[in-house]
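Topology and contacts: notes
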Amino acid sequence: MTVDQQQRPGPPAPRRRSRRDEILEIAVGLFAAKGYHGVSMDDIGSAAGVTGPALYHHFAGKEAMLVAALIPVSEGLLHGGKERVSRHSSDAQAALTDLIEFHVEFALANPAVIALHLHELDRLPEEPRRQIRRLQRLYVEEWVGVLATLRPELEPAEARVLAHSAFGLMNSTPFLGGEVDRRRRAVLLREATVHALIGR
């Protein structure tokens, strides 16, 4: 082993999931399956293997869980979208391909979060709801900028219509059964999204 090999750091160790992360994932699954009002703190505690009151060590309540589930998702989508667009700053087609792959993978990995967002966002207090909406608008604009380059005949408002229609396709994962394996679902969603956005 050379000196360089000895000094070169290895890949960072994956972050260990905290108990809070585990509880939040359980809560998201329950909210998505039964609805926000159909789930109590005791239900979440029972599923997580702790008493309801013990949950308050991690979260102030169900509302705080909802905020903790939805804001990081919107932040992550915006960050990921910006990264992929900047990665292909001189090739809009490659940027769109990367955006679609990024969002399809997110949608396939997080159907419960998508269901939660679709059905429960309006239950949030005004400030976190406004924050999420702002992050979403910024994410949409990343797509609009790429579409404007690929399809200069479109008005910005028309590009937004197409972007939102693409999200509708990709975010259909909570409603897809297991009849088609995950890899094939990803292919079909990517193909449908490309067709919706650029017609081929």
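Okay, so let's go over this structure. Keep in mind that what you see is a predicted model, and the values were worked out from it rather than measured.

Conventions we followed
Residues numbered from 1 in each chain as written. Predicted model: local features only at pLDDT ≥ 70, side-chain atom pairs only at ≥ 80, totals over all residues. Heavy atoms only, no water. Phe/Tyr/Trp six-rings, centres within 6.5 Å; stacked < 30°, edge-to-face > 60°. Helix = DSSP H or I, 4+ residues; strand = E, 2+ residues; numbered from the N terminus. Buried < 20%, exposed > 50% of the residue type's maximum accessible area, 1.4 Å probe, protein only. Contact = heavy atoms within 4.5 Å. Axes fitted to C-alpha atoms, helices over the stretch in contact; angles between N-to-C directions. Left-handed = near helix turned anticlockwise from the far one by under 90°. Nonpolar A, V, L, I, M, F, W, Y, C, P; charged D, E, K, R; others polar.

For the structure shown, the criterion picks out 4 aromatic pairs. Plain terms: the ring middles of Tyr139 and Trp143 are 6.2 Å apart, the flat faces sit at 80° to each other, and that makes the pair edge-to-face. With a gap of 4 residues between them, Tyr139 and Trp143 both fall in helix 7 (residues 126-150), about one helical turn apart. Look at Trp143 and you get buried, because its relative accessible area is 0%. Ring geometry for Tyr139 against Phe167: centres 5.5 Å apart, planes inclined by 15°, an arrangement best described as stacked.

Attention now moves to the environment of Ser74. By secondary structure assignment, the location of Ser74 is in helix 4 (residues 62-87). C-alpha separation for the pair Ser74 and Leu138, spaced 64 residues apart in sequence, amounts to 9.8 Å. With residues near it in sequence (within four places) discarded, Ser74 still touches Ile132, Leu135 and Gln136.

A separate point is the packing of helix 7 against helix 8 (residues 156-170). In contact at an axis separation of 9 Å, helix 7 and helix 8 are set at 115° when each is read in the N-to-C sense. Where helix 7 crosses over helix 8, the two elements pack in a sense that is right-handed. Here Tyr139, Val140, Glu141, Trp143, Val144 and Leu147 of helix 7 come into contact with helix 8, specifically with Pro156, Ala159, Arg160, Leu162, Ala163, His164, Phe167 and Met170. Partitioning the contact of helix 7 with helix 8 into residue classes produces 11 nonpolar, 1 polar and 2 charged.

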